[in-house]
Each structure stands twice: as C-alpha cells, then as structure tokens.
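Okay, here's what each chain looks like letter by letter:
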Amino acid sequence: MSKQLNVALIGNPNTGKTSVFNALTGLNQKVGNYPGITVEKKEGVCKLPRGVKAHILDLPGTYSLNASSLDENVVIELLLNKNDKDYPDVAVVVSDVENLKRNLLLFTQIKDLNIPTILVINMADRMSRKGISLDIPLLEKEFKTKIALISTRKNTGINELKELIISYKRIDTTPCLNTSEIDTDYFNGLRKAFPNQSLYKLWLVITQDVNFKNIDRKAIADATQFQTKSKSYLKRLQQKETIKRYQFINNALKKGQKIDLSSATDLRIKLDRILTHKVWGYFIFFAILLLIFQAIFDWSSVPQDWIEGTFASLSELTKNSLPAGAFTSLIAEGIIPGLSGIFIFIPQIAFLFLFISVLEESGYMSRVVFLLDRGMRRFGLSGKSVVPLISGTACAIPAIMATRNIESWKERLITILVTPFTTCSARLPVYAIIIALVIPDDRYLGLNAQALTLMMLYLIGFAAAIISAYILDRTLKIKSRSYFVIEMPSYKLPMFKNVAINVIEKTKSFVFGAGKIILAISIILWVLASVGINDSFKNADEIVTSAISQNGFNEIQEISFQNKITRFKNHLKEEAEIDQKELTTQEINAAVLQKTPEFKQAVIDDAVAASKLENSALGTVGKVIEPVIKPLGYDWKIGIALVSSFAAREVFIGTLATIYSVGSEGDDEEGNTITAKMQSEVHARSGKKVFTFATGISLLLFYAFAMQCMSTLAIVKKETNSWKWPILQLVTMSGIAYLASLIAYQFIK
Amino acid sequence: MKRTVANLERGERAIIKNVESDLVPLKLLEMGCLPGNEVQLLQVAPFNDPMYLDINGCHLAIRKETAAFIEIEEIA
Ligand SMILES: Nc1nc2c(ncn2[C@@H]2O[C@H](COP(=O)(O)OP(=O)(O)O)[C@@H](O)[C@H]2O)c(=O)[nH]1
Ligand SMILES: [Mg+2]
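Residues numbered from 1 in each chain as written. Chains lettered and ligands numbered in written order. Predicted model: local features only at pLDDT ≥ 70, side-chain atom pairs only at ≥ 80, totals over all residues. Heavy atoms only, no water.

**Considerations on the pattern of salt bridges**
Residue and element names in this part refer to chain A. In plain terms, the rule: One speaks of a salt bridge when a side-chain nitrogen belonging to Lys or Arg is within 4 Å of a carboxyl oxygen belonging to Asp or Glu. Accessibility here uses a 1.4 Å probe with only protein chains present; expressed as a share of the type maximum, an area under 20% marks a residue as buried, one over 50% as exposed, and anything in between as partly exposed. Helix numbers and strand numbers start at the N terminus; a helix is a DSSP run of H or I with at least 4 residues, a strand a run of E with at least 2.
Taken as a whole and assessed by the stated rule, the structure comprises 26 salt bridges over all chains. Across the salt bridge formed by K85 and D86, the nearest N and O atoms sit 3.4 Å from each other. According to the relative accessible area criterion, K85 is exposed, its value standing at 63%. Notably, a salt bridge pairs E142 with K255, separated by 3.0 Å at the nearest N-O pair. One end of the pair, E142, is in helix α5 (residues 136–142); the other, K255, is in helix α10 (residues 231–256), and 113 residues separate them in sequence.

Next comes the structure, spelled out in structure tokens:
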C-alpha cells in the first residue's frame, strides 16, 4: 500500500471548510481532541480516483497565521512541524467567493511556507447573485497555484478538487511575498544568521507565541533569541507585512475578478436592519429563545414518552426472562432505568443542538453576540459568552469549548467558571423525578405548577451564572485588554447535511459518554451494596428473623404488612368486578388467610435485605456521611446517590434505583417504577416519608447549584491549564448548594 | 479634532487614515482595517456599542473603545 496522503483543510471561519470536509468524507469521519487541549479535531477518509486514499483534516477556522486564539495556535503548530504525523502533503485553503480578498491573505501565508497549496473558491452558486465573475486561469497564474471553483451546496466542482489533490506534486511552491521586502535590514540579518531556513518560517517562529516543543528545537531556540527588537516594532512589521500581502492580492484580483455591483442584491442589509434593530432585534431574539424552550419541553415529550415506555417494557422483559435474583435486579432495576434516564434526553439534546447549529449556520448567532455584548460586559462577560451560556443548557462540555473565541482572557475565564450553573440536560432527569414526587400537578393562574417549578429552576441557574460572573468580575485581578472582533457573515440557509451531521455527532457523544459512566457506577454501587465485612451483614438473616420471631413486627414492618393485605383485597375486588361476581367478606378473609404466610415472609425478606444493605460496605459509607447531609433533609441512601452523582448528575436516579432494588426483595405489583419506590420510601426509624416537600425542594436546589460533573471539571482543567480553577469551581459551587439546601430545608420543614 | 470610527454616524462612510497598531488587535488589521481602506458604519447596538462596520467589504463588529483607535478622514 502506498503512503497515505495527508490533506489539511484550512480557511477563515465560515468559508465552508466543514461543508467541504463533509462533501469529501461523508459520514466517514471522527471527531476527537488534540492531545492536551480541547480544540476539536475532525478527521476523515476520502476515496480519491485511481484507488488513492486521502486522510482529511478539518482544521479550526483561522484568519491568519498570526495566531490570536487557541484554535489558531493549533493550525500554526501543525504547519510548522514537519514531524507531526498529520503534517499535510497538501494544504487546501478554502475561501468564500464573496470574501475572496480577505480569505486570500491566509492563502498567501500558507503558500509562503512552501507547502503545496490548492485554492478552493467555495460558494460558486452565489456568484451570479452577487455579480461576481472570475478569470480562473489568470488567477491561477497570479497566485501560482491550482484553483478549484466549487459549491458544496450545489455539489459542483468536488470531483475536480479530488483530481487536484491527487496531482498535488505538480503544484508550484514558490512564495507569494518576498519576506525580506518587509524590512530589508532586519531580514537580511536574519538570513545571515540562518542561511538554510525559510525566512517566513523564521519570522513566524519569532512572532508567534505558540508551543514549539515538538518543532525543530535547535533552530527555533536560536531564532527566538534573535528577537532583538521590541514587541511594538515587531507588530509594526506585521502590519507592514499585512499591507504588502494585500497589495499583492489587490493587484491580482484587479486583473482576475470583476464585481458588477448593479446586479448584486444584498439580503444582509435588509435583514440586519430588523435583526440587529435596537428594539426588534431583542424582541426577535427572545421569541427565538421561547421557541427553543417550547421545543425542548413540549415537543420533546412525545418521543420521550415513547422512549420511557420502551425501556419500561425492556426492564419488564429482562425481569421475566432472566432467573430471579440479585443480578437480574441489578440489570432490570439498576442499569436499565439508569440508561433510560439518559436515552430519554436524546430528543431534548437533539432539539437543542439542532437549534444551535441552525442559528450558527445561518449566521444569526453573530447578530445575537452583537446585540448582547454591551449588556454582558456589565457582568464581566462578553457578547460571545452567549453561545456558551445557551449551549450550556444542553451540556457544559461543548459550551466550555465554545468559549475559545472570546479574545479577552478574563472574560473567557469568567464565562468558563459560570457556565456550569446553567441548567444542563443532565439535571433534567433529577428535576423531573423530584418535581413529579413533591410538586402537585395543579394549575395556578392557568399555569401548571410542575412546569412552573422547572422554569424557576432554569431561571435560578441563569441568575446564579450572571450574579457570580458579576462577583468574579469585581474580585479577579486579571489584566487583559478587552479585544472584541466578530465577523458578521452573510445570511445563509443552513445546509441540511451539515446540521444533521452535527446533531448526530453531538447526541452520540452525549449518550455514550454518560452511558459509560452510569453503567460503571451502577456496577460499583451494586458490588459495594452486596458485600459487607461486619457480622451484622453476614448474619443479617438470623438476626432479623430471630428479632421478628421474638418481638413480632415492629411498627414499620406492620404497616408494610397491612399495606400488602389491603392491596391484595383491592386486587380481589377488582377481579371480582371484572368477572361480575359478588364476593362475601368470608371469602375474602379466607383468601387473605391463605396468603398471610407468604406476605409475612415477604416482609421478613424485605427486612433482611434492608438490614444487609444498611450494614454493607455502601451502607457503612452512607452512615458516615449521613450526619453531614441530615440537616438538608436527606437520609443516607440519598447521600450515596448524591456522592455518586458527583461523577455525573444523571447518575442520581440510577443510584437510587440500584439501592432501592438491592434493599428490597419482594416485588410488589404496584411498586415497580422508580417513582413509586421513591414515593413509598420511609425513614427506617420514624416511618415518615423520605421524599417530603421540604426534602424535595432542598434536593432541587442542591442540584441547581452543585458542581457535579467530573467531565466538566476535566474540561475546565484543560481549558484553563490549571487545577486552581476547577477546584475553585467545585468548592464554591458545592458550598453554595449546601447552604441553599440547608436554608430551604430548615425553613420549610 | 481627530475623528475616529467611534464618531461615525450610522450609514456614514469614511476613509481610514491611521490605525494605532499597538492598541488595535492584529486580527482587525488582517481583516482589512488598514490605512486607505473605506469604512462604513452599518448598525449600532444601544449606547453606540458595539459598532457594526463594513470595512473594505468585510462585515464585522467591534467595541467602541477599539473603534476610537482608528482615525478617519472624509472621502475625497
Ligand atoms: N451558498 C452556499 N453556502 C455554503 C456553501 N458551502 C457552505 N455554505 C454555508 O456556509 C456556512 C459556513 O459553512 P461551514 O462549512 O460551517 O464553514 P466553516 O466554518 O468554514 O467550517 C454554512 O451556513 C453553510 O451552509 C456553498 O457552496 N454555497
Ligand atoms: Mg467548521
């Protein structure tokens, strides 16, 4: 097999790199991260003619090789490092026919690195509307390269591009700009010092503040010593370089590009007049937000009910087809409900990413950033924090990654720190189940109380984010200039393929990520709950049985026993009604008497299981933490669920499901769903209900504030490059959660 | 008095005369904010901040404080 061909897609943001990538690779792609940093890395394979396979890399959007963000660093680190396994054999610079001039700046820079560079001019379908005509052969000569004029929307020119990629060896690699023209003295000095190196490369090494650890060490170390000039002098040279490049580009375009303004129609101006209007702009934005929430909370419920039903029958099926026992209940009552808790959120996550990617693709998101920048700045945030805060309602992880284009480090840091307060989808399963337990399904002023509570929780999360941003802004002593440059792309109809791929990829990674954690934690908990070291665990059977045979049932066991009888009686009556028979009291009593030993045994089994659980390794841990969480209104089982959900919030339900199923042997006909189990859970000593209104509110508040997500902490560590910030986040957020729950519980109870 | 982009009226056009290259991000220069190029103020958010500009055919928004570092002159 011949060596694989490495192709890198490079270009300004919004020129259609990802569309070209999707067109070349289809679903034949994978998304990962660059090691050490969390800039998204998209790779894929493309089959070229004549059996050649190309490895395609979709690099983050870059305006130039003078990097000013993490995203851009990735690009230049790759292009300067010949030893990187992804170092491109050929660079494909994607440009947008409407912004050709600006896009070509990056092209000239890449070309000057002596990498074979193909120029793709994308969005050819818009040329006639914009009155643009191009003389491709002439431009090819001017820029000394091969040009592919394509439209990913209309799917034209892709095959020509593939041909160009195959024959990349024929591409001229002479540079566009003679670097030494920028400042003859300075660059002649540089050339004398390093006669064998490319001048432009040296210049980049000197001016760029990137991580050079893998790159040609020796030469670079020497070159950075060569700096000798002040930073502001260097910056003036960079400005000069930029002007020179534009001269070259303008010169070429003057010959090869014609724009007939009279035939150009500009949708952008018309739309912007409304969408960025001082009043209507905000109005429309809030209307869109409402629509998003409507979709997430209302439209999603149909597929959600279906998913829930499917999992419930799956659980039932498992229970009926596997031999009864602890292992079956682990699967049927721990793992399946736990996974159901994840899958049920697929519709909501998908809707959210659908909206976010449509808003981004259409170009509208930039307008929102523009509208909100000033307001957000008051709280130490940037207009660009809007995207993370909105995405945070799906998941904090992509949201924190989306902060990367915030220029000011302080604004970016604050955004990262407060984003986890927004109500992510992982909180939803917890909220949903607790609300169903403790909030009545009544209407107030025509609004459903449960829905209202949920909305309040979203508002609380958002308020917490904004207020803590304000406090951080006042307290963090970080000097950073408030740069803010955002491009306002022209409006476009989103492409179905791009949106679909985005939604599928994001949803998939949510499901697998969370699914793995839930599976692991359910198993660990189950094992911990099934082993014990002390005698009360080992001899639970005898201890409990003998206690009952000596003293009879205690109060709670008696209640449970009576409940079983009542339920059985009701059951009998119902059956009789269906068969249209009359039952006499005597008949009923006889039936009950016959069943009594069975019921007694069930109560004893339950008591044994409960005692075992209490004395298991898990129970011991629970008892240790109980004093800490008791003031919040929780028992030790909730405590365990709380601790395990520090790994990920959505584990809460699965944990309770696992604990409750280990803790009771009998399976009552009516007590199967997790909600019903929580409903009937009582305190071991007092016999009072565990999930009261006070405990419920306290739990809701705890989940609203606490930092319970390892993956988020890991991403914060990566993005801020220090343990300080994630630890600060963990400690303060959990502290706030504890206090809020404490106050709420003590007041309400 | 020196006029800068921050003083532009909505819809007004001007020519960029000088850019304080130390105080303006390089990215802005690279997007075409260079002496001699034309600039037009398209839209402003409340309090004139940020400002939505068309610089040399490139549409972008910047904050007022940055706009104040870009000196302009009337179109000849
Ligand atoms: N009209 C038109 N729009 C396109 C074409 N290719 C991409 N787009 C749109 O341009 C926008 C940016 O595309 P994307 O691939 O995300 O660009 P990236 O930021 O460079 O990865 C999206 O709204 C696409 O739908 C094209 O050939 N024609
Ligand atoms: Mg992209």
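Don't stop here, the text continues.
**Let's talk about a negative patch on the surface**
Condition: The residues that make up patches have over 30% relative accessible area and no salt bridge, and they are joined within 9 Å when like-charged or within 5 Å when they are Val, Leu, Ile, Met, Phe, Trp or Tyr. The Shrake-Rupley method, run with a 1.4 Å probe sphere, supplies the accessible areas, and residue values consider only the shown protein chains as cover. Lys and Arg are tallied as positive, Asp and Glu as negative. Neither His nor the chain termini are counted. Lysine's charge is taken at NZ, arginine's at CZ, aspartate's at CG and glutamate's at CD.
A cluster of like negative charges, contributed by E574, E575, E577 and D579 of chain A, occupies part of the molecular surface. If you trace the backbone, E577 of chain A turns up in helix α25 (residues 555–578).

**Overview of the interface of chain B and chain A**
This is how it is decided: By definition, residues are in contact when any of their heavy atoms lie within 4.5 Å. The term buried area denotes the loss of accessible surface (1.4 Å probe radius) that occurs when two parts are joined, taken as the sum for both partners. Counting of polar contacts relies on pairs of N or O atoms within 3.5 Å, with two restrictions inside protein: one atom must be capable of donating a hydrogen and the other of accepting it, and residues adjacent in sequence are counted only when both atoms are side-chain atoms. For this scheme, ten residues count as nonpolar: Ala, Val, Leu, Ile, Met, Phe, Trp, Tyr, Cys and Pro. Four count as charged, namely Asp, Glu, Lys and Arg, and the remainder, Gly too, count as polar. Two strands pair under a simple rule: DSSP has to find at least two bridges between them.
Taken together, the contact pairs 33 residues of chain B with 42 residues of chain A. Note on chain B versus chain A: buried area summed over both sides is about 3,400 Å², and carbon and sulfur give 56% of it. Of all residues in chain B, K27, E30 and R63 of chain B give up the largest surface area on contact with chain A, accounting jointly for 22% of the area buried on that side. Run the count over chain B and chain A and you get six salt bridges. As a salt-bridge pair, D373 of chain A and R63 of chain B come within 2.8 Å of each other at their nearest N and O atoms. Summed over the shared surface of chain B and chain A, the result is 14 residue pairs in polar contact (both at pLDDT 80 or more). Broken down by secondary-structure element, the contributors of at least two residues to the side of chain B that touches chain A are α1 (26–30), β2 (38–44), β3 (51–55) and β4 (58–62) of chain B. Classifying every residue of the side of chain B that touches chain A by side-chain character gives 21 nonpolar, six polar and six charged. Relative to β4 of chain B, strand β12 (residues 485–487) of chain A runs antiparallel, the two sharing three bridges. Within β4 of chain B, the residue paired with I486 of chain A across the bridge is A61 of chain B.

**Quick look at the sheet that holds β2 of chain B**
The condition that has to hold: Comment: axis = line fitted to C-alpha atoms, over the contacting stretch for helices; angle = value between 0 and 180 degrees taken between N-to-C directions.
One open sheet holds the six strands; their spatial order is β12(A)-β4(B)-β3(B)-β2(B)-β1(B)-β5(B), and the pairing between them is antiparallel. Each having just a single partner strand, β12 of chain A together with β5 (70–73) of chain B make up the two edges of the open sheet. Within the sheet, the average angular offset between the axes of one strand and its neighbour, ignoring direction, is 40°.

**Thoughts on the nonpolar core**
Nonpolar side chains in soluble globular proteins tend to be buried together. Quick reminder of the rule: Only buried Ala, Val, Leu, Ile, Met, Phe, Trp, Tyr and Cys residues count toward a nonpolar core, and they belong to the same one when joined by side-chain atoms within 4.5 Å.
With 114 residues, the main nonpolar core has F652, F691 and L699 of chain A as its most contacted residues. Not counting residues within four places of it along the chain, the set of residues in contact with L699 of chain A comprises I434, Y634, I638, L642, F652 and F691 of chain A. Counting residues in hydrophobic clusters, the runner-up holds 81 residues, among them F143 and L190 of chain A together with V5 and A6 of chain B.

**Re unusual backbone geometry**
In this structure, the amide linkage connecting D49 of chain B to the following residue, P50 of chain B, adopts the cis form with an omega of -10°. Within the secondary structure, P50 of chain B is located in the loop between β2 and β3. Positive phi, close to 60°, is recorded for R50 of chain A, a residue that is not glycine. Here R50 of chain A is to be found in the loop between β3 (40–47) and β4 (53–58). The phi torsion at Q580 of chain A lies on the positive side, around 55°, for a residue other than glycine.

**Notes on the packing of helix α27 (residues 617–629) of chain A against helix α28 (residues 636–644) of chain A**
To describe two helices that pack against each other, one gives the angle between their axes and the distance between the axes. Residues and elements named next belong to chain A. For the record, the criterion: Comment on the angle field: the value is read as roughly parallel under 35 degrees, roughly antiparallel over 145, roughly perpendicular from 65 to 115, and oblique elsewhere.
Packing of α27 against α28 brings their axes to within 8 Å, and their N-to-C directions diverge by 95°. Considering the angle they form, α27 stands roughly perpendicular to α28. Note on element contacts: α28 touches α27 through W636, G639, I640, L642 and V643, opposite L618, G619, V621, G622, K623, I625, E626 and I629.

**Examining the UniProt feature "transmembrane region" (unreviewed entry) in chain A**
Residues and elements named next belong to chain A. For the record, the criterion: UniProt positions are given in the numbering used here, feature names are shortened, and annotations may be inferred rather than shown by experiment.
Under the feature "transmembrane region" (unreviewed entry), the UniProt entry names residues 279–297, 335–359, 379–401, 413–439, 451–472, 510–529, 690–715 and 727–748. In this annotation, residues 510–529 is assigned 100% helix and 0% strand; the end-to-end C-alpha distance for the span is 28 Å. In residues 690–715, the share of helix is 73% and the share of strand is 0%. The end C-alpha atoms are 36 Å apart.

**Notes on the packing of aromatic side chains**
Aromatic rings in a pair are described by how distant their centres are and how their planes are angled relative to each other. All names here are of chain A. In plain terms, the rule: Side-chain rings of Phe, Tyr and Trp, where Trp is taken by its six-membered ring, are said to pair if the distance between their centres is within 6.5 Å; with planes under 30 degrees apart they count as stacked, over 60 as edge-to-face, and otherwise as tilted. By the criterion adopted, a ring carries a charge over it if an Arg CZ or a Lys NZ lies within 6 Å of its centre and within 35 degrees of its normal.
According to the stated counting rule, one finds 17 aromatic pairs over all chains in the structure shown. Relative to F143, the ring of F107 lies with its centre 5.9 Å away and its plane at 85°, an arrangement referred to as edge-to-face. Here F107 is found in helix α3 (residues 100–111), whereas its partner F143 is found in the loop between α5 and β8 (146–149), with 36 residues between them in sequence. Taking the relative accessible area as the measure of exposure, F143 reaches 2% and is therefore buried. Linked through ring pairs, F107, F143 and F248 together constitute an aromatic cluster. In this arrangement the basic side chain of K384 is found over the ring face of F484, its NZ or CZ atom lying 5.4 Å from the centre. Over the ring of F537 we find K612, and its NZ or CZ is 5.9 Å from the ring centre.

**Considering the UniProt feature "domain: Ferrous iron transporter FeoA-like" (unreviewed entry) in chain B**
Within the UniProt annotation, "domain: Ferrous iron transporter FeoA-like" (unreviewed entry) is assigned to residues 3–74 of chain B. Helix makes up 12% of residues 3–74 of chain B and strand 39%, whereas the separation of the span's terminal C-alpha atoms amounts to 9 Å.

**Structural notes on the site of ligand 1**
Residues and elements named next belong to chain A. Which entries qualify depends on this criterion: One heavy atom suffices: a residue is near a molecule or strand as soon as one of its heavy atoms comes within 4 Å of it.
Close contacts around ligand 1 come from 18 residues, with K17, T18, S19, T152 and E361 the closest. Here an oxygen atom of ligand 1 sits 3.4 Å away from a polar atom, N or O, in the side chain of S151. Within the backbone of R153, a nitrogen or oxygen atom sits 3.2 Å from an oxygen atom of ligand 1. In isolation ligand 1 exposes 580 Å². Once the protein is present, 92% of that is buried. Element by element, the count of residues in the shell around ligand 1 is highest for helix α1 (residues 17–25), at three residues. In the shell around ligand 1, the residues fall into three nonpolar, nine polar and six charged.

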